[in-house]
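What follows is the residue order along each chain.
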Number of protein chains: 2
Amino acid sequence: MSETLQGPDFSPLYRQVKELLLQRIAAGHWKPGDILPSETKLAGEFNVSQGTVRKALEELAAEHLVVRHQGKGTFVTARGAEQPVHFFSMMTADHQRLPPRFNGKVTHEVGLATPAERRSLGLPEGADVVRIFRVRLVGGTPSMFDEIILARAQFPGFEQHLNRDDQVNTYVIMEKEYGVLAVRSEEWLSAVPAEPRHAEVLNVEVGQPMLKIDRVTYGVDGKPIELRTVWVDTTDCHYYNSVS
Amino acid sequence: MSETLQGPDFSPLYRQVKELLLQRIAAGHWKPGDILPSETKLAGEFNVSQGTVRKALEELAAEHLVVRHQGKGTFVTARGAEQPVHFFSMMTADHQRLPPRFNGKVTHEVGLATPAERRSLGLPEGADVVRIFRVRLVGGTPSMFDEIILARAQFPGFEQHLNRDDQVNTYVIMEKEYGVLAVRSEEWLSAVPAEPRHAEVLNVEVGQPMLKIDRVTYGVDGKPIELRTVWVDTTDCHYYNSVS
DNA sequence: AAGTGGTCTAGACCACATC
DNA sequence: ATGTGGTCTAGACCACTTT
């Protein structure tokens, strides 16, 4: 790595190191929760200085792909009971995080992806998707209606995992069962009238204002892995965002 | 700065440097748009290494308090036509930024702050607030209703600045007229039925779903400077958020 | 040519966790 | 005692901007 690079695809050394680490994480060489080699070892392996490896790791940490602990080491991000998914923005009225809790009735359907779904998920024509529906509870009362859309080929049998527990997080399942790490989401919010199918299960009137959240979630490689729409009765909770 | 600090209020050198720079910006020693001394000069002044100053500046840049340009220098963040406020999350239906445009009819009232307003703004009992009301246009049609609440003592005559132009940004006014830099916002979103006062000016039916955004904005010193509630008709626009 | 921030290196010492 | 990441330093060279 000592020769000078100048080509059009030039990038700083630490970014090249970051890219290599990213590829190994994406390929499952290190799995969520695994410890990475120390800065010194990585520096030796890549023939760069420890400071260069450090800068690569700091960027990965800023993107929540790894977690660093002084005295312990650097670990691939793992979600679970201890480490909740950080990109979940619903809060109770008194600004507490919402504990994940569902009513246990998960339904699903398998079908051909619509053109819009294919575009958003990057799927070829004729691909199948799984659409999963469930209801989230806030303080015991049904308040949110989830519709989750996944590529069937990427997550075969996904819906079965959701039926096993009433508080499973879909991103934890993706991680533990399919080795797919959710990294980033884009969300679009609007206010819409409650539809009959929501009124039925959420104990609201048809037409009552609901917060609608359209979300696309991306994996380590930057490709979309999930589409989700959530309809929320915001009587008892809010969507929180801190922006700087 | 060579003696070892160990006390309960210990903080790394680069954070102390950052704090000093922050204080100077907050005090108006450097104003928005001003260039800061180079890393080398700051390092000399503070008797630390250039790398330590760099780390302080990088943190300030990450928080959008300064902007760095290779070959030119480091500048205090300035908002305006060129550099729009980055924490404005409403997008048109086709994912474009909304140009700021108001209908020009700004109304306001001055009154005693309510207990809730005092708590949110950190005001003493008996303090006055100004409440400003205006309507934002999306593609020419009125779509958003703003209620802006400010401490009267901090921003005397603020409402007059809003009447001068139909596309002024309140944070630009705070910066240019009062030397107050808005740095961070917290927002809470919910869906609510349109009230009569909104229906009247936004051309919607009473009861129609509206996106309600409650926002608190903080200044350089971390103290709240503005309360705002925005009611949005999300027919033609969405609230966008990218979360990682 | 001179000055700026961006990258890279090498080495020192510290704080923290584990053995 | 050892190993980890966190801080701090000093110096080199590069890329970009302005004079």
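Bear in mind the structure is a predicted one, so any value in this text is a computation, not a measurement.

Considering the overall build of chain A
Logical step 1: Across its full length, chain A holds seven helices and 10 strands.
Logical step 2: Projected onto its principal axes, the C-alpha positions of chain A cover 65 × 45 × 35 Å.
Logical step 3: Each of the 244 residues in chain A was classed as buried or not, and the buried ones make up 47%.
Logical step 4: In chain A, of all internal contacts separated by at least 6 residues, the share reaching a separation of at least 24 is 56%.
Logical step 5: Surface accessibility of chain A: about 12,200 Å² in total, with carbon and sulfur atoms responsible for 51%.
Logical step 6: Averaging the locations of the 27 positively and 32 negatively charged side chains of chain A gives two centres separated by 4 Å.

Focus: the sheet that holds strand 7 (residues 182-193) of chain B
Either a parallel or an antiparallel arrangement is found when strands of a sheet pair, and the pairing is made through backbone hydrogen bonds.
Logical step 1: Spatially, 3(A)-10(A)-7(B)-8(B)-9(B)-6(B)-5(B)-4(B) is the arrangement adopted by the eight strands of the open sheet, whose pairing is antiparallel. Looking at which strands have only one partner, the edges of the open sheet turn out to be strand 3 (90-92) of chain A together with strand 4 (107-112) of chain B. In this sheet, adjacent strand axes meet at a mean angle of 25° when their direction is disregarded.
Logical step 2: Note: strand 7 of chain B against strand 8 (residues 209-219) of chain B, 11 bridges, orientation antiparallel. Residue pairing for strand 8 of chain B: B:Arg184 is matched across the bridge by B:Tyr218.
Logical step 3: Contacts from helix 6 (residues 170-178) of chain B reach strand 5 (128-138), strand 6 (141-151), strand 7, strand 8 and strand 9 (224-232) of chain B within the one sheet, and its direction differs from that of strand 9 of chain B by about 160°.

Comments concerning the sheet that holds strand 7 (residues 182-193) of chain A
Logical step 1: Taken together, eight strands build an open sheet; the order of strands is 4(A)-5(A)-6(A)-9(A)-8(A)-7(A)-10(B)-3(B) and the sheet is antiparallel. At either end of the open sheet lies a strand with only one pairing partner, and these are strand 4 (107-112) of chain A together with strand 3 (90-92) of chain B. Neighbour to neighbour, the strand axes of the sheet diverge by 25° on average, direction disregarded.
Logical step 2: Relative to strand 10 (residues 237-243) of chain B, strand 7 of chain A runs antiparallel, the two being bridged by five bridges.

Focus on the side chain of A:Glu147
Logical step 1: Within the fold, A:Glu147 resides in strand 6 (residues 141-151).
Logical step 2: Setting aside residues no more than four positions away along its own chain, A:Glu147 makes contact with A:Arg131, A:Ile132, A:Phe133, A:Arg197, A:Leu227, A:Arg228, A:Thr229 and A:Trp231.

Brief notes about the relation of the copies chain B and chain A
The relation between the two chain copies is a rotation about an axis coupled with a shift along that axis.
Logical step 1: For these two chains of identical sequence, chain B goes onto chain A by a turn of 180° and a shift of 0.0 Å along the axis, with RMSD 0.1 Å. The relationship between the two copies is best expressed as a two-fold rotation axis. No C-alpha of chain B approaches the rotation axis more nearly than that of B:Pro209, which lies at 2.2 Å.

Focus on the interface of chain B and chain A
Logical step 1: Taken residue by residue, the interface counts 30 residues in chain B and 30 residues in chain A.
Logical step 2: Together, B:Trp188, B:Val243 and B:Ser244 form the three largest contributors to the area buried by chain B at its contact with chain A, with a combined 23%.
Logical step 3: Our count for the chain B to chain A interface comes out at 17 residue pairs in polar contact (both at pLDDT 80 or more).
Logical step 4: Ranked by residues supplied to the side of chain B that touches chain A, first place goes to strand 7 of chain B with 11 residues.

Brief notes about the packing of aromatic side chains
Logical step 1: If you walk through the whole model with that rule in mind, you get 13 aromatic pairs over all chains.
Logical step 2: A centroid spacing of 5.7 Å and a plane angle of 80° characterise the contact between A:Phe155 and A:Phe158, whose relative ring orientation is edge-to-face. In this structure, A:Phe155 and A:Phe158 share a single accessibility class: buried.
Logical step 3: On the numbers, 5.8 Å between centres and 25° between planes, the contact of A:Phe158 with A:Tyr178 is stacked. With A:Phe158 in helix 5 (residues 158-162) and A:Tyr178 in helix 6 (residues 170-178), the pair connects residues that are 20 residues apart, well separated along the chain.
Logical step 4: Taken together, the aromatic side chains of A:Phe133, A:Phe145 and A:Trp231 make up a single cluster linked through ring pairs.
Logical step 5: The ring of A:Tyr14 carries A:Lys55 above its face, with NZ or CZ at 4.7 Å from the centroid.
Logical step 6: Geometry around B:Trp231 places B:Arg197 over its ring, the cationic atom sitting 5.0 Å from the centre.

Thoughts on the domain arrangement of chain A
Residues and elements named next belong to chain A.
Logical step 1: Domain parsing of chain A yields domain 1 (13-76) and domain 2 (90-239).
Logical step 2: For domain 1 and domain 2, the distance between their C-alpha centroids amounts to 32 Å.
Logical step 3: Every contact between the two is made by four residues of domain 1 and, on the other side, four residues of domain 2.
Logical step 4: Across the domain 1 to domain 2 interface the summed buried area is about 410 Å²; carbon plus sulfur atoms make up 84%.

A look at the pattern of salt bridges
Logical step 1: Throughout the structure, instances matching the rule amount to 34 salt bridges over all chains.
Logical step 2: The shortest N-O distance in the salt bridge between B:Glu226 and B:Arg228 comes to 2.9 Å. As far as burial versus exposure is concerned, B:Glu226 and B:Arg228 are alike and both buried.
Logical step 3: Here the salt bridges share partners, and the residues they tie into one network are A:Arg15, A:Lys18, A:Glu59 and A:Glu63.

Brief notes about helix 2 (residues 39-46) of chain A
Since the α-helix packs 3.6 residues into each turn, any two residues three or four apart lie on the same face.
All names here are of chain A.
Logical step 1: By the burial criterion, the buried members of helix 2 are Glu39, Leu42, Ala43 and Phe46. Considered in projection along helix 2, the buried side chains sweep an arc of 100° and stay on one side of the axis. What points out from helix 2, more than 90 degrees from its buried face, is the exposed set Thr40 and Lys41.
Logical step 2: In this fold, the buried residues of helix 2 make contact with helix 1 (13-26), helix 3 (50-62) and strand 1 (66-69).
Logical step 3: Immediately beyond the C-terminal end of helix 2, within one or two residues, lies Asn47, with a positive phi of roughly 60°.

Section: the pairing of strand 2 (residues 73-76) of chain B
Logical step 1: Burial along strand 2 of chain B is one-sided: the face carrying B:Thr74 and B:Val76 is buried and the face carrying B:Gly73 and B:Phe75 is not.
Logical step 2: Adjacent in sequence and paired antiparallel, strand 1 (residues 66-69) of chain B and strand 2 of chain B are bridged by three residues, among which B:Gly71 carries a positive phi angle near 85°.

Each value, and the rule that gives it
- Residues numbered from 1 in each chain as written.
- Chains lettered and ligands numbered in written order.
- Predicted model: local features only at pLDDT ≥ 70, side-chain atom pairs only at ≥ 80, totals over all residues.
- Heavy atoms only, no water.
- Helix = DSSP H or I, 4+ residues; strand = E, 2+ residues; numbered from the N terminus.
- Buried < 20%, exposed > 50% of the residue type's maximum accessible area, 1.4 Å probe, protein only.
- Contact = heavy atoms within 4.5 Å.
- Areas by Shrake-Rupley, 256 points an atom, 1.4 Å probe, with all protein chains shown as cover.
- Lys, Arg positive; Asp, Glu negative; His and termini not counted.
- Charge placed at Lys NZ, Arg CZ, Asp CG, Glu CD.
- Pairing = 2+ DSSP bridges.
- Axes fitted to C-alpha atoms, helices over the stretch in contact; angles between N-to-C directions.
- Least-squares fit on C-alpha atoms with pLDDT ≥ 70 in both.
- Buried area = accessible area lost by both parts, 1.4 Å probe.
- Polar contact = N/O pair within 3.5 Å; in protein donor to acceptor, adjacent residues only side chain to side chain.
- Phe/Tyr/Trp six-rings, centres within 6.5 Å; stacked < 30°, edge-to-face > 60°.
- Lys NZ or Arg CZ within 6 Å of the ring centre and 35° of its normal.
- Domains from an automatic or database assignment.
- Salt bridge = Lys/Arg side-chain N within 4 Å of Asp/Glu carboxyl O.
- Arc of directions from axis to C-beta.

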